[in-house]
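Letter by letter, the chains look like this.
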2 protein chains.
Amino acid sequence: MEQVSEPFTIDLRRLTVLRELQRRGSLARTAEALHLTPSAVSQQIAALARETGVPLTEKDGRGVRLTGQARVLLAHADAIAAQLERARADLGAYGEGGRGSVTIGCLSSGILGVASKAPSAVSTAATWTSLWVSTPRTSSQDPP
Amino acid sequence: MEQVSEPFTIDLRRLTVLRELQRRGSLARTAEALHLTPSAVSQQIAALARETGVPLTEKDGRGVRLTGQARVLLAHADAIAAQLERARADLGAYGEGGRGSVTIGCLSSGILGVASKAPSAVSTAATWTSLWVSTPRTSSQDPP
DNA sequence: TGGAATTACGCGAGTCGTAATAATC
DNA sequence: GATTATTACGACTCGCGTAATTCCA
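Given the structure is predicted, the values throughout are model-derived calculations rather than measurements. Counting of residues starts from 1 at the beginning of each chain's written sequence and follows it residue by residue. Ligands are numbered from 1 and chains lettered from A, in the order in which they are written. Thresholds applied to this predicted model are a pLDDT of at least 70 for local features of residues and 80 or more for the giving and counting of side-chain atom pairs; totals over whole chains, interfaces and linings are not thresholded and use all residues. Hydrogen atoms and water are omitted, and side-chain values are computed over all heavy atoms in the structure.

Participant: I would appreciate a short explanation of the protein's contact with DNA strand D in the present structure.
Facilitator: We call a residue near a molecule or strand whenever a single non-hydrogen atom of that residue lies within 4 Å of it. Around DNA strand D sit 18 residues in total, of which R14, T37 and Q44 of chain A together with L27 and A28 of chain B are the nearest. Of what DNA strand D places within 4 Å of the protein, 74% of the atoms are sugar or phosphate. Between DNA strand D and the protein, one listed contact pairs a phosphate oxygen with a side-chain N or O atom of R14 of chain A at 2.2 Å. In protein, a polar contact means a hydrogen-donor-capable atom and an acceptor-capable atom, both N or O and within 3.5 Å, with residues adjacent in sequence counting only if both atoms are side-chain atoms; elsewhere, any N or O pair within 3.5 Å suffices. A distance of 2.9 Å is found between a phosphate oxygen of DNA strand D and a backbone nitrogen or oxygen belonging to L27 of chain B.

Here it is as structure tokens:
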């Protein structure tokens, strides 16, 4: 059966594999880090390349090297991972103290002053910088 | 054992189902919109609730109603979907004209002036606002 | 020859649909 | 009784591991 009108979905699990590959440098070490076999890692990367339609690795000696497109994808993967982390935090904090978080941003040069004072609130990725601040919510928590 | 960076993964497919449920209001209409059966939708939502550890629906008459936690999760889902869309655009534009995009942000009130002049470059979600700008890249494209 | 990646293939887990059940209007 | 959601169960797909193959230092 074919799934219709699925604009662009990427399996986050495969993206995690690609992130680990960037960090470890080889399929073998990636597999070890994820408690998988090199075969599984190879298949995941191949599937992700099929999904996205771009080559993610190229041969380099007896190993592999990430392509520029893979690095582009990874920059977004970092942002998505951070977003997921925020979701987890917000879900965990739901109903406890009535606070959530909002994401604002600014130019990297401008956020450094804040980062120096509250480093735990600032997360930086390759292409963007976000500041997360907790905001008190009073009564109207969920406008319908 | 070394830290396996897998603290929190959410299946984006299930998140899409939840988004459609928010939009349609009932499992039946959601199933119809996604070319699925109500059974599949019910199982997906239940699985997502297990994954996240929070209740997502509560009974309302003979239908269901989203919980506040579900709305919190959906706010992040919007942000993630937008991020994926950016990833797709960047991947498609890779190597064509040597341009990519960077994400910057500002307070909503401050971005309106830009939005009025280049609306296609601005995307707004529930809790954040991002401006996407294309930046020319010259020679040093990938610093190792 | 040894290490790294890929491919072939079988098995288990997850997902969907059909059908039956429960609940509400 | 009609509509909505949930549960039980069988069929199918997908992902992982084992094992064989290829490539390179």
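Participant: Explain the protein's contact with DNA strand C here, please?
Facilitator: As a matter of local geometry, DNA strand C sits amid 21 residues, with L27 and A28 of chain A together with R14, T37 and Q44 of chain B nearest to it. Sugar and phosphate atoms constitute 74% of the interface atoms of DNA strand C, taking the interface as everything within 4 Å of the protein. Within the backbone of L27 of chain A, one N or O atom sits 2.9 Å away from a phosphate oxygen of DNA strand C. Q43 of chain B has a polar side-chain atom sitting 3.3 Å from a base oxygen of DNA strand C. Among the secondary structure elements, those contributing two or more residues to the surface near DNA strand C are α2 (27–33), α3 (38–52) and β2 (63–66) of chain A together with α1 (12–24) and α3 (38–52) of chain B. The class makeup of the residues in the surface near DNA strand C is six nonpolar, 11 polar and four charged. Strands here are runs of E lasting at least two residues and helices are runs of H or I lasting at least four, both read from the DSSP assignment and numbered beginning at the N terminus. Amino acids are sorted into nonpolar (Ala, Val, Leu, Ile, Met, Phe, Trp, Tyr, Cys and Pro), charged (Asp, Glu, Lys and Arg) and polar (every other residue, Gly among them).

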